[in-house]
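Now for the letters of each chain:
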Amino acid sequence: MRRIGLGIGLIAMVLLPLALLLFGALRLDQTISAIFLLSGLWAFVFGLLMERKNERLYYSGFGVVVALLSTFLFIQLRYTAGLVVVAFVVLALVSALFRPGATRPPAGIGRR
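Everything numeric in this text was worked out from a predicted model, so none of it was measured. (Residues numbered from 1 in each chain as written. Predicted model: local features only at pLDDT ≥ 70, side-chain atom pairs only at ≥ 80, totals over all residues. Heavy atoms only, no water.)

## Section: the overall build of the protein chain
Put simply, the test is: A run of H or I in DSSP becomes a helix once it reaches four residues, and a run of E becomes a strand once it reaches two; helices and strands are each numbered from the N terminus. Exposed residues in this analysis have more than 50% of their type's maximum accessible area, buried residues have under 20%, and partly exposed residues fall in between, with area computed by a 1.4 Å probe over protein chains only. Residues are treated as being in contact if the distance between any of their heavy atoms lies within 4.5 Å. The Shrake-Rupley method, run with a 1.4 Å probe sphere, supplies the accessible areas, and residue values consider only the shown protein chains as cover.
A count of helical and extended segments in the protein chain gives four helices and zero strands. Along the protein chain, from the amino end to the carboxyl end, the secondary structure elements read α-α-α-α. Across the 112 residues of the protein chain, 23% fall into the buried class. At a minimum sequence separation of 6, the contacts of the protein chain that also span at least 24 residues come to 51%. Counting every atom, the protein chain has about 8,200 Å² of accessible surface; 71% of that belongs to carbon and sulfur.

Okay, here's the thing in C-alpha cells:
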C-alpha cells in the first residue's frame, strides 16, 4: 500500500479552497484562512499518523502553528500573532524535553 506524502496532501489542501473561491463559495480572506487551516491540519495528521517516530513532533507541531495562522479571520491579527508565538515557544520546549534520542543524565548528577 502506498502512503500519501506530505507534498501531495498539501497541494490538495491548497487546491480545494481555491476551487471553492472560483465557485463563489468563499471570499478571498476566507480562502486564505481555509488554506492555512487545512494545510495545518494535514501536516498535523501526517505528522501523527504517517511520519517516522523521530520526526512526528516537528511535523505535528508545525501543523498546529500553521493551523493557528488561520485564526486571523476570527480574532484580531495581534492575537493571532500572539497565539503563533506561544505555539512556537511550546514547540521549542516540547522538542527540547521530548526530542528523540535524548538521554537523561544519571540520577546522582546535579543533586545534593
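Read on for the rest.
## Some points on the packing of aromatic side chains
Put simply, the test is: What counts as a ring pair is set by centres within 6.5 Å for rings of Phe, Tyr and Trp (its six-membered ring), and what kind of pair is set by the plane angle: stacked under 30 degrees, edge-to-face over 60, tilted for all other angles.
Scanning the model with the defined rule gives three aromatic pairs in all. Where Trp 42 meets Phe 46, the ring centres are 6.3 Å apart and the plane angle is 40°; that geometry is what we call tilted. Of this pair, Trp 42 and Phe 46 are both found in helix H2 (residues 28-49), four residues apart, which corresponds to roughly one turn of the helix. As far as the burial class goes, Trp 42 and Phe 46 line up, both buried. With a centroid separation of 5.5 Å and an interplanar angle of 75°, the aromatic rings of Phe 46 and Tyr 59 are classed as edge-to-face.

## Considering a nonpolar patch on the surface
Condition: Surface patches are drawn from residues lacking salt bridges whose relative accessible area is over 30%; two like charges belong together within 9 Å, two nonpolar side chains (Val, Leu, Ile, Met, Phe, Trp, Tyr) within 5 Å. Should a side-chain nitrogen of Lys or Arg be within 4 Å of a carboxyl oxygen of Asp or Glu, the pair is scored as a salt bridge.
Nonpolar side chains collect at one region of the surface, where Ile 4, Ile 8, Ile 11, Leu 15 and Leu 18 lie side by side and expose about 460 Å² of accessible area between them. What makes Leu 15 exposed here is its relative accessible area of 52%.

## Considering the environment of Val 65
Of note, Val 65 is situated in helix H3 (residues 56-69). Taking the C-alpha atoms as reference points, Val 65 and Ala 87, 22 residues apart in sequence, are found 6.0 Å from one another. Excluding its chain neighbours within four sequence positions, the residues that come into contact with Val 65 are Val 84, Ala 87 and Phe 88.

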